[in-house]
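In case you want the letters, here they are:
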Amino acid sequence: MIHRMARAATTADAFNAVAEPRRRQILDLLAGGERAVNDLVKDVGLAQPQVSKHLRVLREVGAVTVREAGRQRLYRLNGEALKPIHDWVRNYERWWAERFDQLDVVLDELKKEEGDDGGK
Amino acid sequence: MTVASSGTARVTLPADDQILITREFDAPKHLVYKAWTDPVLVRQWWHANRGRVTVAEIDLRVGGTWRYVAVTDDGFEVAFHGEYREIVPDERIVSTEVYEGAPPSADGEEQGTVNTATFAEADGRTTLTILVQAPSKEVRDAIIDSGMEAGMQDALDLLEQTAASLR
């Protein structure tokens with residue numbers, strides 16, 4: 001099956017990287033902008049070596065990039081690397097989007113009916 | 001009459017065994033709740049414009065069951081059923097959901113999810129949140145994969161139409 005193959009081809013990278021809750025937490029923090037390692041350690045509540053280990057996994061799949069600024073190492077989110085996950089979810093999302101578009105039509109009718117009744 | 005688009009569905013994966021679906025509607029929550037729980041109304045939207053709903057049974061009480069069946073335009077039938085676990089009118093519905101085409105688990109049990117639908121209103125608009133709790137990552141992934149299949153089906157349909165137009 002084609003979709004299973006497509007899925008298997010990507011499990012080695014972004015999918016595995018975000019499978020760990022702490023790594024997802026780090027990604028969430030980085031979604032708010034570039035952060036120094038020390039900041040991340042404080043917010044995640046793990047020891048520095050563990051945070052560094054998670055950051056290494058994320059770097060290996062390209063989910064984050066790092067740059068040196070003086071004595072600090074600053075991490076930044078790289079959304080492009082997470083695209084396989086987005087693509088995987090998108091068809092499921094589209095199914096619901098189409099269903100909700102129909103629900104909009106139903107709600108419009110209900111609002112009109114309620115208006116005709118002089119409100120509720 | 002055209003309907004102002006209230007935004008598209010947003011699907012995220014908060015945990016390995018969960019799916020979170022959110023959408024805002026330009027309507028108060030009692031109407032969204034009504035459209036969600038009235039079988040006559042469910043028939044009008046649940047088909048996602050890909051076919052028609054042939055069965056919409058709702059026994060809206062704790063312990064009551066529901067069952068929806070839709071047939072796509074190309075004859076593919078999908079059926080789901082479940083049971084209501086918790087009902088707070090206009091606020092919250094917790095129910096189980098089993099896809100009737102899914103294989104049972106090794107011990108022969110149905111592999112269902114527990115879905116929590118929450119209706120939250122602000123300024124006359126309602127945010128619907130559906131948290132899908134799967135029994136495992138495998139079941140969760142299979143659900144997402146089923147969306148992939150639907151997407152592929154669309155692509156094949158388009159291909160067929162395009163091919164037909166070339167005749």
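In the block above lies the structure referred to throughout.
One structure accompanies this document, and this report is about it. Only a predicted model underlies this, so the values are computations on that prediction, with no experimental measurement involved.

### Some words on the sheet that holds strand E2 (residues 18-25) of chain B
Residues and elements named next belong to chain B.
For step 1, the next point in the chain: Taken in spatial order, the eight strands line up as E1-E2-E8-E7-E6-E5-E4-E3 in an open sheet, and their pairing is antiparallel. Edge positions in the open sheet fall to strand E1 (10-12) and strand E3 (51-58), since each of these has one partner strand only. Sheet twist, expressed as the mean angle between neighbouring strand axes with direction ignored, is 20°.
For step 2, the next point in the chain: One ladder, built from eight bridges, connects E2 with strand E8 (residues 125-133); its direction is antiparallel. When the sheet's bridge partners are listed, Leu20 is paired in E8 with Leu131.
For step 3, the next point in the chain: Along the sheet face, helix H1 (residues 29-37) touches E2, E3, strand E7 (113-122) and E8 and points at about 150° away from the line of E7.

### Considering unusual backbone geometry
All names here are of chain B.
For step 1, the next point in the chain: Even without being a glycine, Asn49 presents a positive backbone phi close to 65°.
For step 2, the next point in the chain: One non-glycine residue, Asp90, adopts positive backbone phi at about 65°.
For step 3, the next point in the chain: Along the polypeptide, Asp90 turns up in the loop between strand E5 (77-88) and strand E6 (92-99).
For step 4, the next point in the chain: Given 15 C-beta atoms within a 10 Å radius, Asp90 is considered partly exposed.

### Points about the pairing of E3(B)
Residues and elements named next belong to chain B.
For step 1, the next point in the chain: Of the pairings in the sheet, the one linking E3 to strand E4 (residues 65-72) comprises seven bridges and is antiparallel in character. Within E4, the residue paired with Val53 across the bridge is Ala70.
For step 2, the next point in the chain: Two successive antiparallel strands, E3 and E4, enclose a turn made up of six residues, where Gly63 displays a positive phi of approximately 90°.

### Things to note about the interface of chain B and chain A
For step 1, the next point in the chain: Every contact between the two is made by 31 residues of chain B and, on the other side, 23 residues of chain A.
For step 2, the next point in the chain: At the level of secondary structure, the elements contributing two or more residues to the side of chain B that touches chain A comprise E2, H1, helix H2 (39-45) and helix H3 (137-165) of chain B.
For step 3, the next point in the chain: No other element matches H3(B), which puts eight residues into the side of chain B that touches chain A.
For step 4, the next point in the chain: Along the lines of polarity and charge, the residues of the side of chain B that touches chain A split into 19 nonpolar, six polar and six charged.

The rules behind these values
- Residues numbered from 1 in each chain as written.
- Chains lettered and ligands numbered in written order.
- Predicted model: local features only at pLDDT ≥ 70, side-chain atom pairs only at ≥ 80, totals over all residues.
- Pairing = 2+ DSSP bridges.
- Helix = DSSP H or I, 4+ residues; strand = E, 2+ residues; numbered from the N terminus.
- Axes fitted to C-alpha atoms, helices over the stretch in contact; angles between N-to-C directions.
- Contact = placed C-beta atoms within 7 Å.
- Buried ≥ 20, exposed ≤ 12 C-beta atoms within 10 Å, placed from the backbone.
- Nonpolar A, V, L, I, M, F, W, Y, C, P; charged D, E, K, R; others polar.

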